Amino acid sequence: MAASRKKLLDSAGNTATFLLTKQPEDFVDTHRVKIVIVGSGYTGVAVGIAILFKRLASELVFLDLNEDLAKAEAEDISHAAAYLGNPKITGTKDYSSARDATVCVVTVGDKSSNDQEASTLLENNLNIFKDVIPNVCKYAPNSVLLIVTTPVDILSYAAMKLSGFPPQRVIGLGTFLDSCRLQYMIAQKLGISANAVQASVICENGPTSVPIWSAVTVMGIKLKDINKDIGTKSDPESWGELHTKVIDCDSDLIARKGYRSWGIGICAAEVVDAVVRNTCICITVSAYLKGCRHGLEKDVYMSLPCVVGRNGIQSFLRHPYTPEEQELTEASCRTIYETQRATLQDLE
């Protein structure tokens, strides 16, 4: 019996051919979901981890000019691949690795310091985009682009122009995280669960963003019906202070821990989920507005409530804003356009 087993092992040639009746190269591999993350810094890794924990990708690629870092992060995560659905995780600087990607998440050049001037940050990141976006899109022409890099509205517009993609397939993370933060802070003030609160922040991902207090609800109950002055200067409960805290969140986190990543990562993974599984989630993300319907007849990217699915931005949600909210929206839109006009003239 022992001799027979030894003969079988000898004829097998190696362990794999003995153990498996069919070899891996014979397996049918017709449905793989590849997600590419451009940038393997703190934000890129947080996005990757969130995507993997949601088991959205059968293949995840970290794409970075610092190839050693990209490979190291991919290897570190791969060691626990058995508990992430056994995806293929790689790190590279080779743009051809983006071939056939479903979604490309761009985190490269994201803000990591409070000392950088906004204009310098925009100029630096725009120069990075001029190289990165065309190269990624060359190999992933049917993908959806998700832009995370700051300033996200201007760079989403630049990515749309540089990629040549239809506008609905270029999405900026926009105020999605801002809306989540406001939702969380309202819940904390009320002492209830955050998932019982519905709250939106729209327009610029920045200081001119607009909280839609008229639509804040708890299980369908409008808080404005309880406190008619909610969010205004005459509000006796000073709810408007929460929006100030939302605006300051990034700077505060960077000052305290050197960077911010996890909230962005989780929100970015939710957008990727919407594309991969066609969930048609309704969220505030930065989208292309042609001849903006919000008081400024210029083309911009800014955040509004959108339906996101397999084709990217599938629809906008119409909301009856109050006159004050409308006025603030127009001002925010104008701020985005003025920055865009001064920077992106060569892309027009």
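The following refers to the structure shown. Residue positions within a chain follow its written sequence, with the count starting from 1. Per-residue local features of the predicted model are confined to residues with pLDDT of at least 70, and side-chain atom pairs are confined, for both listing and counting, to 80 or more; whole-chain, interface and lining totals are unaffected and use all residues. Side-chain metrics rest on all non-hydrogen atoms present in the structure, leaving aside hydrogens and water.

### Looking at the environment of Val-47
Put simply, the rule is: Note on conventions: DSSP H or I runs of at least 4 residues are helices, E runs of at least 2 residues are strands, and numbering of each starts at the N terminus.
Along the chain, Val-47 turns up in helix α3 (residues 42-53). Linking Val-47 and Gly-265, residues 218 residues apart in sequence, is a C-alpha distance of 3.8 Å.

### Notes on the packing of helix α5 (residues 118-139) against helix α6 (residues 152-163)
This is how it is decided: Helix axes use the C-alpha atoms of the stretch in contact, all axes being lines fitted to C-alpha atoms, and the angles between their N-to-C directions lie in the range 0 to 180 degrees. Crossing handedness is defined as follows: a turn of the near helix away from the far one that is anticlockwise and smaller than a right angle gives a left-handed crossing, while the clockwise case is right-handed. We call two residues in contact whenever any of their non-hydrogen atoms come within 4.5 Å of each other. Each residue is assigned to one of three groups, with Ala, Val, Leu, Ile, Met, Phe, Trp, Tyr, Cys and Pro labelled nonpolar, Asp, Glu, Lys and Arg labelled charged, and all others, Gly among them, labelled polar.
Here α5 crosses α6 at 35 degrees, and the two axes come no closer than 9 Å. Note on packing geometry: the crossing formed by α5 with α6 is right-handed. Of α6, the residues touching α5 (which contributes Leu-122, Asn-125, Leu-126, Phe-129, Lys-130, Ile-133, Pro-134 and Cys-137) are Ile-154, Leu-155, Ala-158, Ala-159, Leu-162 and Ser-163. Its residues placed into classes, the contact of α5 with α6 shows 11 nonpolar, 2 polar and 1 charged.

### Regarding the layout of surface pockets
As a reminder, the rule being used: For each structure, a 1 Å grid was placed over the protein atoms alone; sets of points admitting a 1.4 Å probe that cannot get out are labelled cavities, open sets with protein on both sides within 12 Å along at least five of seven lines are labelled pockets, and lining residues have an atom within 4 Å of a point. Grid points are joined across faces, edges and corners, and a volume is the space filled by probe spheres set on the points.
If you add up the space inside the largest pocket, you get close to 670 Å³. Together, 30 residues line the largest pocket, and Thr-150, Glu-204, Asn-205, Gly-206 and Pro-207 are the ones closest to its centre. For the lining of the largest pocket, the elements supplying multiple residues, two or more each, are α5, α6, α7 (176-190), α8 (241-257) and α10 (323-343). Element by element, the count of residues in the lining of the largest pocket is highest for α8, at 5 residues. Across the lining of the largest pocket, the residue classes tally to 11 nonpolar, 11 polar and 8 charged.

### Some points on the pattern of salt bridges
Formally: Any Lys or Arg side-chain nitrogen found within 4 Å of a carboxyl oxygen on Asp or Glu counts as a salt bridge. Exposure is judged per residue with a 1.4 Å probe applied to protein chains only, and the accessible area is read against the type maximum: over 50% gives exposed, under 20% gives buried, and values in between give partly exposed.
Scanning the model with the defined rule gives 11 salt bridges in all. Between Arg-32 and Glu-59 there is a salt bridge; the shortest N-O distance is 3.9 Å. Here Arg-32 is found in the loop between α2 (15-19) and β1 (34-38), whereas its partner Glu-59 is found in strand β2 (residues 59-63), with 27 residues between them in sequence. For the salt bridge of Asp-273 with Lys-54, the shortest nitrogen-to-oxygen distance reads 3.8 Å. Here Lys-54 lies in the loop between α3 and β2 and Asp-273 lies in helix α9 (residues 262-277), a separation of 219 residues in the sequence. Assessed through its relative accessible area of 35%, Lys-54 is described here as partly exposed.

These values are about where atoms sit, not about what they do.
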